[in-house]
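Architecture and fold: a report
Each chain, written out:
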Amino acid sequence: MWALKSYNCEHCGSDFISGRALKYHFQQKHLGEVHHEKCDQDVLRETQQGHSEPTRDRSTMETHKLHWENLEERNVKYMATKISKTCRMCSRHFGTVLSRENHEIREHHFTACKRAQMSAGFSPHNMLECKGPQELRRFADRHICPASGSQRAACAAEVGALLQLIQDSFPVPASRVIQGGSYVKGTDTQGSSEIDIVLLSKASADVNHFKKQLRDGLETLRENLKRTAYGNRILMGRRTPLSLRFSFLCTESLHSHSVEIMAYYDVLGPTPSTDLKRHLYRELYLCEDSDEAQLCALALLPYQVDFVKASVVRLKELIRLMIHWLQTSFAGPTEENKFRRLPSSYSLELLTIYIWERAEKPPSFSLLQGMRAVLKLLVQYADIDVVWHRHYHRKFPVFVKVNQKRTRPFILDPVNPTVNVCDTCNAWDEVAHVAKLSLRKPLFSGVRAEPPWLFTDAW
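Below is a summary of the structure that appears in this document. The model shown is predicted, which means the values in this text are computed figures rather than measured ones.

**Quick look at the overall build of the protein**
A tally of helices and strands in the protein yields 17 helices and eleven strands. Sorting the 459 residues of the protein into buried and exposed places 52% on the buried side. The contacts in the protein between residues at least 6 apart in sequence include a share of 67% that link residues at least 24 apart. As displayed, the protein offers around 21,500 Å² of accessible surface, 51% of which is attributable to carbon and sulfur atoms.

This is the structure we're talking about:
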C-alpha cells in the first residue's frame, strides 16, 4: 500500500515522487513569491508594487496549516487553570469542570451525539489503517520520523545559525539562552517541529523598567530578523504581548520549524540551589498575575526538556506516534466550538512516559502495544492521576496544597508542582471518544495485551 514514497510540498500540498522533483518545484513555483502580511496572500515579486508594505515585511514561504494551529495553541498552557473550566462554545468561565459541562449541555445542547459529530476527524490514509506492526513501522519511517543522518546534521546547522542570529539581533544582552520544544527534546515529527528559545538577562535595579525593555526588545527583534539574510525564510505569526512567534524554513530538506521566542530576567541562574528552586515554587503558587507566572516559569524549561529528552530511543518513537495521532485524528474547530482546546503535546509526552514506567521501563518493546496502552488510558481519562517527585518531595508545602485541590485528569508537571498540565484541555471527553474509535481501527484488530502491558487489561 505504501510501496512508493511521496514527497509533499508544505507550501501548496502537491506530492512528488522524489526529493529532487520537490526541490525543483519549490524553486520554480514558490521562491518567486512573497507573503503580504496585511492581506495574508502570496504574491509574485514582480507584482508586489501594488502592495504598500516594504519587502522585508513579507516571506517567501508558508507552512502547513497544522503548523499554524500548533503554533497558535502553544501559549494556552500558561492559562491552564482557566481553560479546563472554560466553555468550548462561548468561552464562559466556571468554577468547576462539572459546572462547565452542565452549561454546555443545557445552553449549547452538547450531547453525546453532538460530541461524536464534532470530535473525530481522521485524516485519509492515517496510520490507524495499517494492518499490523510491520505496516506501522513502514508508515512511521515514511511519514512521521524526522530526517536523520546528513539531513539532520544540515538542519541542526541551520537552526544553530538561526539561534546565533537571534542572539545577535536582540537589543538587550542575554546572559544565558535556553532552548526547548519537540526539536530539542527529540520528539519532533515530519509534520511538527517546535523550537522554544528563552533569552535570559541579568536584571537591573529597576525591575519593572527592565521588563518593559525586554518586551520592547522582542518587537525590535521582530523587525531586525526581517532585514537579515534569513528574512525571506521567516513567516511571522501574530503579535503577542509576551513572545515572538514565527515559522522558519530549512532549505536543505524543505521543512519548517515553529519557533517561539520569549525574554525575561534570569530568576534562577544556571546552577540554582534547592532552596532557590523552592522559593520560585512558592512565588509561582502565590502569584495571581498569569503573565508574571508564565515568565517566571521559563526558568524551569531546561528541567522540562531534560525530563523528556532522557527517554530511551524506543520511548521517543512511541511519543512521536502519539503526537502524530493527536494531530491527525481530530476534527478541526468550527465557529460553534472555536474555544475547544485539545491536550498539549507536553501532556501527551508525559502521559506516554508514565505508561512506559508502568510497564517497568522496557528498553525495547512493541510500539503497537505501547500505543494501545496509552489510548486505553485516554478512554478512562478520569482515572489519570500522575505525579513524579524528582524535583519536589511529598511533604513540600506547595505540593501538598496543590495535591489536596487536584481534579482528574491530573498530571502534575514533574518540574513545577503548581501546574496540572491536563488543565490545558477542556475537551477530555472528546479525546476519550476519539481514542475509543481509534482502538476499533484495523491497526488494533485482534490485538491483545502482552507482557509487560498486561496491566492495561484492568482498563
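Moving on from the coordinates now.
**A closer look at helix H11 (residues 290-297)**
Considered for burial, the residues of H11 that qualify are Ala293, Gln294, Leu295 and Cys296. Summarising the contacts, the buried residues of H11 are in contact with strand S9 (255-265) and helix H10 (274-286). Structurally, the start of H11 carries an N-cap: the backbone nitrogen of Asp291 is 2.9 Å from a side-chain oxygen of Asp289.

**A short note on the pattern of salt bridges**
Going through the model one piece at a time under the given rule, you end up with 25 salt bridges. Two residues, Lys441 and Glu129, come together in a salt bridge whose shortest N-O distance is 3.5 Å. Of this pair, Lys441 sits in the segment after helix H17 (428-438) while Glu129 sits in the loop between helix H5 (112-119) and helix H6 (133-143); the two residues are 312 residues apart in sequence, bridging distant segments of the chain. The closest approach of N and O atoms between Glu357 and Arg390, which form a salt bridge, is 2.7 Å. Highlighted residues: Glu357 in helix H14 (residues 345-358) and Arg390 in the loop between strand S10 (385-386) and helix H16 (397-404), separated in sequence by 33 residues. One connected set of salt bridges, linked through shared partners, spans Arg88, Arg100, Glu104, Arg115, Arg340, Asp429 and Glu430.

Rules used throughout
- Residues numbered from 1 in each chain as written.
- Predicted model: local features only at pLDDT ≥ 70, side-chain atom pairs only at ≥ 80, totals over all residues.
- Heavy atoms only, no water.
- Helix = DSSP H or I, 4+ residues; strand = E, 2+ residues; numbered from the N terminus.
- Buried < 20%, exposed > 50% of the residue type's maximum accessible area, 1.4 Å probe, protein only.
- Contact = heavy atoms within 4.5 Å.
- Areas by Shrake-Rupley, 256 points an atom, 1.4 Å probe, with all protein chains shown as cover.
- Polar contact = N/O pair within 3.5 Å; in protein donor to acceptor, adjacent residues only side chain to side chain.
- Salt bridge = Lys/Arg side-chain N within 4 Å of Asp/Glu carboxyl O.

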